[in-house]
Amino acid sequence: MKKVAKYIVVIIVAILVTIILLGGGFGDKEKIVMNNGNPILFAHRGVTESNIENSVDAFDKSKALGFSAIETDISRTKDGKLIIFHDDKTKRLLNIDKNINELYWEEVKDKYLYYNGKETKNKVLSLEQFLSRIDESTILYLDIKESSKVVADSILFLMEKYKDNKNIIIADANIFFLIYLETKNPKLITGLEGFNKGKEWLYYLLPKNFKPDFYSSFIRHVDKSHMLFLKNNDLLNNRIVYGVNNENMSDVLELGLHNVIFDYDSKTDTSDVKSIELRLAKNKMQ
């Protein structure tokens, strides 16, 4: 038993050493600069105040209001088609009692999306359709809803077609999913979701080549101690927060955060997109 345990320990150590070597050793990764270093304001699933989320109308509205960045969700159908869709279940958005990965693309592509229980004129977009209609200058945050090898390989295949677009962040909470993507295509820009206060140790633990380019979480998972960590490691420009609206924008500004996934609400004056961007830029200069 002791020999077996010894061999297991040796194998584990060998694997860890290999990962560290492949990852280029420990240290800081070269930082990715987007939007010329200016704050990035993402429209959360487009502008959804009066439009169905993740739809042509929601994305067009975000552009019309002046958003230069979009956050959207990537799911897959049963046959592996990557689509713009948030929920696991399709009842809310398609009025179908199934999971999205139980349906084939042919079953989904001609279905109209539902908004507040009513059918709209918007259909589900494939990721390729979405990318083909979005201006390359628009910064995209793709929130991957399933961190499987099938999805990763599909993303890698599709990104080859859009390799000239330097404004796509591929985000997921599974660090091994992101490492797989970066190993296969080091040029991809990745974002680690769920990087909450208290998880700072993960940054130091990862070899530099396997570190994500961006780190994101809900605003409620950021505190002053976490902000100090970001400043000390020059990560403020690579930190993204979501769960942000007019009511808690003051928290974003008080903490000194720059990049925001914003839930648009036109009921207050502070929801003006240019106004928010100016406040974030002014906050960054302080």
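Here, every reference points to the structure presented above.
Focus: the overall build of the protein chain
Broken down by element type, the protein chain carries 11 helices and 11 strands. Relative to all contacts within the protein chain whose residues are 6 or more apart in sequence, the contacts with residues 24 or more apart total 61%. A total of about 15000 Å² of accessible surface is found on the protein chain, and carbon and sulfur atoms cover 54% of it.

What to know about the packing of helix α6 (residues 149-161) against helix α7 (residues 175-184)
Between two packed helices, both the angle of their axes relative to each other and the distance between the axes serve to describe the pair. Close contact between α6 and α7 brings their axes to 10 Å; oriented N to C, the two are set at 35 degrees. Seen from above, α6 lies across α7 with right-handed handedness. Only F177, Y180, L181 and K184 of α7 make contact with α6, whose side of the interface consists of K149, V151, A152, D153, I155 and L156. For the contact of α6 with α7, the residue count by class is 7 nonpolar, no polar and 3 charged.

So, the environment of I169
Within the secondary structure, I169 sits in strand β7 (residues 168-172). As for I169 and Y141, which are separated by 28 residues in sequence, their C-alpha atoms are 4.8 Å apart. Aside from chain neighbours lying at most four places away, what touches I169 is M34, F42, L140, Y141, L142, I189, T190, G191, F214 and I240.

Concerning the pattern of salt bridges
This model, assessed by the stated rule, comprises 16 salt bridges. With a shortest N-O distance of 2.8 Å, E146 and R76 are connected by a salt bridge. Of the two residues, E146 is situated in the loop between β6 (139-144) and α6 and R76 in strand β2 (residues 69-76); the sequence distance between them amounts to 70 residues. The closest approach of N and O atoms between D153 and K149, which form a salt bridge, is 2.8 Å. Highlighted residues: D153 and K149, both in helix α6, separated by 4 residues, approximately one helical turn. The exposure class assigned to D153 is partly exposed, which follows from its relative accessible area of 28%. Taken together, the shared-partner salt bridges in this structure form one network comprising R45, E53, D73, D87, R92, D143 and K145.

Observations concerning helix α9 (residues 224-232)
Buried residues of α9: H226, M227, F229 and L230, and no others. The buried side chains of α9 occupy one side of the element, clustering within an arc of 155 degrees when seen end-on. Residues K224, S225, K231 and N232 are exposed on α9 and point more than 90 degrees away from its buried face. The inward-facing, buried residues of α9 contact α8 (200-205), β10 (239-244) and α10 (249-255). Backbone nitrogen of S225 and a side-chain oxygen of the N-cap are separated by 3.3 Å at the start of α9; the cap is D223. Of the residues one or two after α9, D234 is the one with positive phi, at around 55 degrees.

Description of the pairing of β6
Of all 6 residues that make up β6, 6 are buried, and the element is covered over most of its length. The side-chain alternation of β6 yields two buried faces, one formed by I139, Y141 and D143 and the other by L140, L142 and I144. Here β6 runs beside β7; their pairing, made up of 4 bridges, is parallel. Bridge pairing in β7 links L142 to I170.

A look at the packing of aromatic side chains
Scanning the model with the defined rule gives 10 aromatic pairs in all. Between F195 and Y215, the ring centres sit 4.7 Å apart and the planes meet at 50 degrees, which makes this aromatic pair tilted. Of the two residues, F195 is situated in the loop between β8 (189-192) and α8 and Y215 in strand β9 (residues 214-218); the sequence distance between them amounts to 20 residues. There is no split in this pair, since F195 and Y215 are both buried.

Things to note about α6
Here α6 is 13 residues long and its end C-alpha atoms lie 19 Å apart, about the 18 Å a rise of 1.5 Å per residue gives. Those residues of α6 that fall on the buried side of the exposure criterion are V151, A152, I155, L156, L158 and M159. Turning to α6, the residues buried within the fold contact β2, β3 (82-84), α5 (127-133), β6, β7 and α7.

Analysis parameters
- Residues numbered from 1 in each chain as written.
- Predicted model: local features only at pLDDT ≥ 70, side-chain atom pairs only at ≥ 80, totals over all residues.
- Heavy atoms only, no water.
- Helix = DSSP H or I, 4+ residues; strand = E, 2+ residues; numbered from the N terminus.
- Contact = heavy atoms within 4.5 Å.
- Areas by Shrake-Rupley, 256 points an atom, 1.4 Å probe, with all protein chains shown as cover.
- Axes fitted to C-alpha atoms, helices over the stretch in contact; angles between N-to-C directions.
- Left-handed = near helix turned anticlockwise from the far one by under 90°.
- Nonpolar A, V, L, I, M, F, W, Y, C, P; charged D, E, K, R; others polar.
- Salt bridge = Lys/Arg side-chain N within 4 Å of Asp/Glu carboxyl O.
- Buried < 20%, exposed > 50% of the residue type's maximum accessible area, 1.4 Å probe, protein only.
- Arc of directions from axis to C-beta.
- Polar contact = N/O pair within 3.5 Å; in protein donor to acceptor, adjacent residues only side chain to side chain.
- Pairing = 2+ DSSP bridges.
- Phe/Tyr/Trp six-rings, centres within 6.5 Å; stacked < 30°, edge-to-face > 60°.
- Expected span 1.5 Å × (residues − 1).

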